[in-house]
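Descriptive structure summary
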Amino acid sequence: MTPKQQEDFLQQLLALHAELTGKAPMRIEPNRTDEARVGGDEDEQPLNEMMQTIASSRNRNTDGTLARVVKALGKLREDPDSFGECEECGEEIPMGRLKAMPYAEFCVVCQNNKDGPKGPVRRKHLTDYKG
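Residues numbered from 1 in each chain as written. Predicted model: local features only at pLDDT ≥ 70, side-chain atom pairs only at ≥ 80, totals over all residues. Heavy atoms only, no water.

The protein goes by TraR/DksA family transcriptional regulator in an unreviewed UniProt entry, where it is assigned to Corallococcus exercitus.

Structure representation (structure tokens):
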């Protein structure tokens with residue numbers, strides 16, 4: 001990787017870091033603060049709980065991405081020659097992957113191995129359980 005490419009990734013990571021640290025955590029206010037009060041819409045509370053769960057998941061994802069960005073920035077500053085190498089196999093991470101995710105830690109093959117098999121989930125049947 002050329003010094004120019006490393007500088008481009010540094011700028012991209014710094015911009016991403018600024019964006020992620022500038023975001024306030026998502027919060028959805030509960031629509032029912034009093035257990036005795038039940039609104040006219042029976043779907044209101046479950047919908048609000050679902051929105052709180054989504055906000056919580058987004059906050060966790062943002063925190064995880066921020067940690068990976070900080071790690072990539074550290075790698076670029078401390079050992080720029082190793083930036084862009086897969087942490088599992090040591091091979092170069094493809095440039096397209098790095099451009100899309102400059103904080104990528106693994107090549108596609110190693111990431112797939114870490115994520116595990118993807119595919120349709122098979123429904124469980126009573127015969128699947130042994131008693």
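Quick word on the overall build of the protein
Within the protein, the secondary structure is distributed over four helices and zero strands. In sequence order, the protein lays out its α and β elements as α-α-α-α. In the protein, the proportion of contacts linking residues at least 24 apart, taken out of those at least 6 apart, comes to 52%. Surface exposure of the protein reaches about 9800 Å², of which carbon and sulfur atoms provide 53%. (Helix = DSSP H or I, 4+ residues; strand = E, 2+ residues; numbered from the N terminus. Contact = heavy atoms within 4.5 Å. Areas by Shrake-Rupley, 256 points an atom, 1.4 Å probe, with all protein chains shown as cover.)

Details of the packing of aromatic side chains
Under the counting rule described, the total for this entry stands at one aromatic pair. For the ring pair Phe-9 and Phe-83, a centre distance of 5.6 Å and an interplane angle of 50 degrees mean the geometry is tilted. Of the two residues, Phe-9 sits in helix H1 (residues 3-22) while Phe-83 sits in the loop between helix H2 (44-78) and helix H3 (95-100), which places them 74 residues apart along the sequence. For the pair formed by Phe-9 and Phe-83, the shared burial category is buried. (Phe/Tyr/Trp six-rings, centres within 6.5 Å; stacked < 30°, edge-to-face > 60°. Buried < 20%, exposed > 50% of the residue type's maximum accessible area, 1.4 Å probe, protein only.)

Things to note about the pattern of salt bridges
Going through the model one piece at a time under the given rule, you end up with five salt bridges. The shortest N-O distance in the salt bridge between Lys-71 and Glu-87 comes to 3.1 Å. Taken together, the residues span a long stretch of sequence, with Lys-71 in helix H2 and Glu-87 in the loop between H2 and H3 at a distance of 16 residues. Using a relative accessible area of 42% as the deciding quantity, one classes Lys-71 as partly exposed. Each of Arg-68, Lys-71, Lys-75, Glu-87 and Glu-105 takes part in a single network of salt bridges with overlapping partners. (Salt bridge = Lys/Arg side-chain N within 4 Å of Asp/Glu carboxyl O.)

Quick notes on the UniProt feature "zinc finger region: dksA C4-type" (unreviewed entry) in the protein
Listed under "zinc finger region: dksA C4-type" (unreviewed entry) in the UniProt record, and renumbered for this structure, are residues 86-110. Annotated as residues 86-110, this span is 36% helix and 0% strand, and its ends, taken at the C-alpha atoms, are 8 Å apart. (UniProt positions renumbered as here; feature names shortened; annotations may be inferred.)

Overview of a nonpolar patch on the surface
Together, Leu-47, Met-50, Met-51 and Ile-54 make up a nonpolar patch on the protein surface, roughly 340 Å² of accessible area in all. According to the relative accessible area criterion, Met-51 is partly exposed, its value standing at 36%. (Patch = residues over 30% accessible without salt bridge, like charges linked within 9 Å, V, L, I, M, F, W, Y side chains within 5 Å.)

Observations concerning the nonpolar core
Counting 18 residues, the largest nonpolar core has Leu-13, Val-69, Leu-76, Phe-83, Cys-86 and Tyr-103 as its most contacted members. At the level of secondary structure, the elements contributing two or more residues to this core comprise H1 and H2. Top contributing element to this core by residue count: H1, with five residues. (Core = buried A, V, L, I, M, F, W, Y, C linked by side-chain atoms within 4.5 Å.)

A word on the confidence of the model for the protein
Scored by pLDDT, the protein has a mean of 81; 76% of the residues are at 70 or more. When pLDDT is averaged over each helix and strand of the protein, the minimum, 84, is found for H2 and the maximum, 93, for H3. (pLDDT = per-residue confidence, 0-100.)

As for the side chain of Gln-111
Mapped onto the elements, Gln-111 comes out in helix H4 (residues 108-115). A residue is classified by how much of its surface remains accessible, and Gln-111, at 18% relative accessible area, is buried.

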